[in-house]
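Residues per chain, in single letters:
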Amino acid sequence: MNKTIPFANNDDTKNIAIWLFACCAMIVAMVVIGAITRLTESGLSIVDWHGVKDMLPPLSDAVWAEKFAEYKTSPEYRLKNNGMEMDAFKTIYFWEWLHRLWGRLLGLVYALPLFYFWIRKKIPAHLKLRFVGFLILGGLQGAMGWYMVKSGLINEPRVSHFRLAAHLSLALLLLGLLWMQALALWLRFASRVDQFNAVITRTLKTHYAIGFVLLLGTLMWGAFTAGLDAGLACSDFPKTCGQWIPQELFFQGRFFYNIVYEPTAVQFMHRVWGTLTFVTLFSLGIRFLKSKIPELKKPGLVLHLLIFLQWMLGIGAVHSHVAVPVAAMHQFGAVMTILTMLYAGFFVLKKNN
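Definitions and cut-offs
- Residues numbered from 1 in each chain as written.
- Predicted model: local features only at pLDDT ≥ 70, side-chain atom pairs only at ≥ 80, totals over all residues.
- Heavy atoms only, no water.
- Helix = DSSP H or I, 4+ residues; strand = E, 2+ residues; numbered from the N terminus.
- Buried < 20%, exposed > 50% of the residue type's maximum accessible area, 1.4 Å probe, protein only.
- Contact = heavy atoms within 4.5 Å.
- Axes fitted to C-alpha atoms, helices over the stretch in contact; angles between N-to-C directions.
- Parallel < 35°, antiparallel > 145°, perpendicular 65-115°, else oblique.
- Left-handed = near helix turned anticlockwise from the far one by under 90°.
- Nonpolar A, V, L, I, M, F, W, Y, C, P; charged D, E, K, R; others polar.
- Phe/Tyr/Trp six-rings, centres within 6.5 Å; stacked < 30°, edge-to-face > 60°.
- Lys NZ or Arg CZ within 6 Å of the ring centre and 35° of its normal.
- Disulfide = S-S within 2.5 Å.

Draft legend 1. Spotlight on the side chain of Gln 141. Turning to its location among the elements, Gln 141 is positioned in helix H5 (residues 125-150). The class of Gln 141 is buried, set by a relative accessible area of 12%. Other than its neighbours up to four places away in sequence, Gln 141 contacts His 167, Leu 170 and Ala 171.

Draft legend 2. View of the packing of helix H9 (residues 263-290) against helix H11 (residues 324-348). The contact between H9 and H11 brings their axes to 13 Å, and the two run at 40 degrees. In terms of orientation, H9 and H11 fall into the oblique class. Crossing hand, H9 versus H11: left-handed. Of the residues in H11, those in contact with His 270, Leu 281, Leu 284 and Phe 288 of H9 are His 330, Thr 337, Met 341, Ala 344 and Val 348. Residues of the contact of H9 with H11, tallied by class, amount to six nonpolar, three polar and no charged.

Draft legend 3. Examining the environment of Val 132 more closely. Positionally, Val 132 belongs in helix H5. Judged by its relative accessible area of 29%, Val 132 falls in the partly exposed class. Along the backbone, Val 132 and Ser 160 are 28 residues apart, and their C-alpha atoms lie at a distance of 30 Å.

Draft legend 4. Inspection of the side chain of Thr 218 at higher detail. Secondary-structure assignment places Thr 218 in helix H7 (residues 202-227). Apart from the residues lying within four places of it in its own chain, the contact partners of Thr 218 are His 270, Trp 273, Gly 274 and Thr 277.

Draft legend 5. Structural detail: the packing of aromatic side chains. Following the criterion strictly, the structure yields 28 aromatic pairs and no others. Centroid distance Trp 221 to Trp 273: 5.7 Å. Interplanar angle 25 degrees. Geometry classified as stacked. Taken as a pair, Trp 221 in helix H7 and Trp 273 in helix H9 lie far apart in primary sequence, 52 residues in all. No difference in accessibility class separates Trp 221 from Trp 273, as the two residues are buried. Geometrically, the ring pair formed by Phe 278 and Phe 282 is stacked, given 5.9 Å between the ring centres and 25 degrees between the ring planes. Taken as a pair, Phe 278 and Phe 282 lie in helix H9 at a separation of four residues, close to a single helical turn. Take Phe 282: its relative accessible area is 33%, and that puts it in the partly exposed class. Pairwise contacts between aromatic rings join Trp 19, Tyr 110, Tyr 116, Phe 117, Phe 131 and Phe 134 into one cluster. Geometry around Phe 68 places Lys 72 over its ring, the cationic atom sitting 4.6 Å from the centre. Across from the ring centre of Tyr 257, 4.2 Å away, lies the NZ or CZ of Arg 254, which sits over that ring.

Draft legend 6. Region of interest: the environment of Met 55. You can see Met 55 is positioned in the loop between helix H1 (10-39) and helix H2 (61-71). On the basis of relative accessible area, Met 55 is assigned to the partly exposed category, the value being 23%. Placed 43 residues apart in sequence, Met 55 and Leu 98 show a C-alpha to C-alpha distance of 8.9 Å. When near neighbours in sequence (up to four residues on either side) are disregarded, Met 55 contacts Trp 97, Leu 101 and Arg 104.

Draft legend 7. Here's a closer look at the state of the cysteines. According to the stated counting rule, one finds one disulfide in the structure shown. There is a disulfide in this structure between Cys 234 and Cys 241, and the S-S distance comes to 1.7 Å. Classification of the bridge connecting Cys 234 and Cys 241 rests on its S-S torsion, roughly -85 degrees, and on that basis the disulfide is left-handed. Between Cys 24, a free cysteine, and Cys 23, which holds the nearest cysteine sulfur, the sulfur-to-sulfur gap is 7.1 Å.

Draft legend 8. Just unusual backbone geometry, in detail. Between Phe 237 and Pro 238 the backbone carries a cis peptide bond, its omega angle lying at 15 degrees. For Pro 238, the position within the fold is in the loop between H7 and helix H8 (255-261). Look at His 321: it is not a glycine, yet its phi comes out positive at around 60 degrees. Examined against the element boundaries, His 321 turns out to sit in the loop between helix H10 (297-319) and H11. A positive phi angle, near 60 degrees, is found at Val 322, a position not held by glycine. Secondary-structure assignment places Val 322 in the loop between H10 and H11.

Rendered as structure tokens:
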């Protein structure tokens, strides 16, 4: 990163960065919509997938009746929602339809400008393969979404929590890559590295790395918690089902099995990861604020605000029996924490000359 990225002019750099930032904003919205879809148990309401056909919602009573009839063949209706009325079906259908529609729109918002910038020769040759890779990764993420849904349409009305975690992980991976690329263009970081006089210590880099790993672990167990409905297993805090260490953690001596399959143990692990992340990132924010690098001041403040809100929203989700608004905001806060950490990483992980 010692050379300035070659663009025809600064306007090209700015326009491409704005386009990528817009895609990032849509992915953040996509993750929140996905969270609401999961929280309202709407994800299995559409039992097939079409690339274009279902972009419009049902527009007549006849089409609604057809969609409802298809849903009635699913395990979720037969085993869980038998007797559901049309109005209730329309509600869960809406969230799944919106989630899929938003994904298609996101694909267009990325692909069409990419095509434009490409044919106008605005993208440097060394970035073309990377930008195509982002497009492919977006397609894989969508395919993983359908693969996840299919797991709940066979025998039991429940998607695999491993597939849900993979679906979320791919979305966050794509978001992170686009965000870092957009920042690299917007900040023109490559040409600013030599301007830093302060030395980033090895301990700060280690602190940052540990915090990021803990954050990813918290997110992974959060996905497991959502997939298993483990948030409903216990509604007290700081104890878990009245215990400081729940007995389900070591049930039948299968600790490693329990922490990924048993709801109470999974929720407890999410709490443990979350607590360690809170302490680590809060202390990291203090180091950012004390740093001699001005660019780390704002991430430090934002990190403190986000991690405190995340802690409170996590407790609120537990006490409210996973109320949709609280849990959705908790998901949003997690994504914004990742973006803040990645922004700070530009300066923490820079190569000193």
